[in-house]
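Architecture at a glance
If you want the building blocks of each chain, they are given just below.
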Amino acid sequence: MYGVDMDTILKANSIHDSSAIERGQVLIIPATLKPKEPRNLSYSSESFIWPVKGCTIASYGDKIDNAINKGIDIQAPDGASVTASRSGRVVYCDSHLKGFGKTVILDHGDNYQTVYSYNSEILVKVGDNVSRRDIIARVGRSGRAKEASLHFEIRKDGKPRNPMYYLSR
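Here goes a summary of the coordinates provided. Model, not experiment: these values are computed from the prediction.

Right, let's get into the overall build of the chain. Each helix and strand counted, the chain has one helix and 14 strands in total. Counting the 169 residues in the chain, one finds 39% classified as buried. Taking all contacts inside the chain whose residues are at least 6 apart in sequence as the whole, residues at least 24 apart take part in 59%. Within the structure as shown, the chain displays about 9600 Å² of accessible surface, and the carbon and sulfur contribution to it stands at 49%.

The structure is reproduced here in structure tokens:
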């Protein structure tokens, strides 16, 4: 369906035997032209969830306005709820990050942080503790967003990671 052979899919998902794949199992389907990043979800029992429902309109590593995208951009209706991808503490919320507009950053206490940008409204403040699925902002068009969308990043030790390797529904 995606033009990726089974051996590549097995390798990307650290699966050694295709008979171990179960119906409904979430698999990574790697792009054939992008470098692969190792998948390691053993850091916590709480997985990352999608912060908003919508279509991915810019992928990790894409070039946008002469800059490399360090996250993903998710198209969603203006004003839609942005939820915390994982439980954490608000360590930044402001509108002064050039190109990102109204931004919230959560620290998850295990060297992981998540970034939520392009918002129209921020609903939390620095120091707030939030649980996974708590509403923290509203989708907007701030920063360099050309349409209503959310820019979302996952960082480990301050370095961006491809969110597609971490997200579950």
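Of note, the phi angle at Tyr-118 is positive, near 75°, even though the residue is not glycine. The topology assignment puts Tyr-118 in strand E9 (residues 112-122). Of note in this structure, Asp-157 is not a glycine but carries a positive phi near 55°.

Throughout the structure, instances matching the rule amount to five salt bridges. Residue Glu-153 is joined to Arg-155 by a salt bridge in which the shortest nitrogen-to-oxygen separation is 2.9 Å. Owing to a relative accessible area of 3%, Glu-153 belongs among the buried residues under this scheme. Judged by relative accessible area, Arg-155 falls into the partly exposed class, the value being 25%.

The biggest cluster of nonpolar side chains holds 28 residues, and the ones touching the most others in it are Leu-106, Tyr-116, Ile-136 and Phe-152. Elements supplying a minimum of two residues to this core: strand E5 (72-75), strand E8 (101-107), E9, strand E11 (135-139) and strand E12 (149-156). Setting aside anything within four residues of it in sequence, one finds Ile-136 in contact with Val-82, Thr-83, Ala-84, Val-104, Leu-106, Tyr-116, Ile-122, Leu-123, Val-124 and Val-130.

Take the pairing of E12 next. Most of E12 is tucked away, with six of its eight residues classed as buried. Examined bridge by bridge, E5 and E12 share four bridges and lie antiparallel to one another. Each bridged residue has a counterpart across the sheet, and for Ile-74 the counterpart in E12 is Leu-150. Looking at chain direction, E9 and E12 are connected through six bridges and run antiparallel. Residue pairing across strands places Tyr-112 opposite Lys-156, the latter belonging to E12. One ladder, built from three bridges, connects E12 with strand E13 (residues 159-161); its direction is antiparallel. By the bridge assignment, Arg-155 is partnered in E13 with Pro-160. In this structure, the hairpin formed by E12 and E13 is closed by a connection of two residues, where Asp-157 is found at a positive phi of approximately 55°.

A few words on the packing of aromatic side chains. A full pass over the atoms with the stated rule returns four aromatic pairs. With centroids separated by 5.9 Å and ring planes inclined at 85°, the aromatic side chains of Phe-48 and Tyr-166 adopt a geometry described as edge-to-face. Of the two residues, Phe-48 sits in strand E1 (residues 48-49) while Tyr-166 sits in the loop between E13 and strand E14 (167-168), which places them 118 residues apart along the sequence. On the basis of relative accessible area, Phe-48 is assigned to the buried category, the value being 0%. Take Tyr-166: its relative accessible area is 6%, and that puts it in the buried class. In this structure, Arg-86 is placed above the aromatic ring of Phe-48, and the distance from its NZ or CZ to the ring centre is 4.8 Å.

About the cut-offs
Residues numbered from 1 in each chain as written. Predicted model: local features only at pLDDT ≥ 70, side-chain atom pairs only at ≥ 80, totals over all residues. Heavy atoms only, no water. Helix = DSSP H or I, 4+ residues; strand = E, 2+ residues; numbered from the N terminus. Buried < 20%, exposed > 50% of the residue type's maximum accessible area, 1.4 Å probe, protein only. Contact = heavy atoms within 4.5 Å. Areas by Shrake-Rupley, 256 points an atom, 1.4 Å probe, with all protein chains shown as cover. Salt bridge = Lys/Arg side-chain N within 4 Å of Asp/Glu carboxyl O. Core = buried A, V, L, I, M, F, W, Y, C linked by side-chain atoms within 4.5 Å. Pairing = 2+ DSSP bridges. Phe/Tyr/Trp six-rings, centres within 6.5 Å; stacked < 30°, edge-to-face > 60°. Lys NZ or Arg CZ within 6 Å of the ring centre and 35° of its normal.

From the geometry alone we can't say anything about function, so treat these as descriptive.
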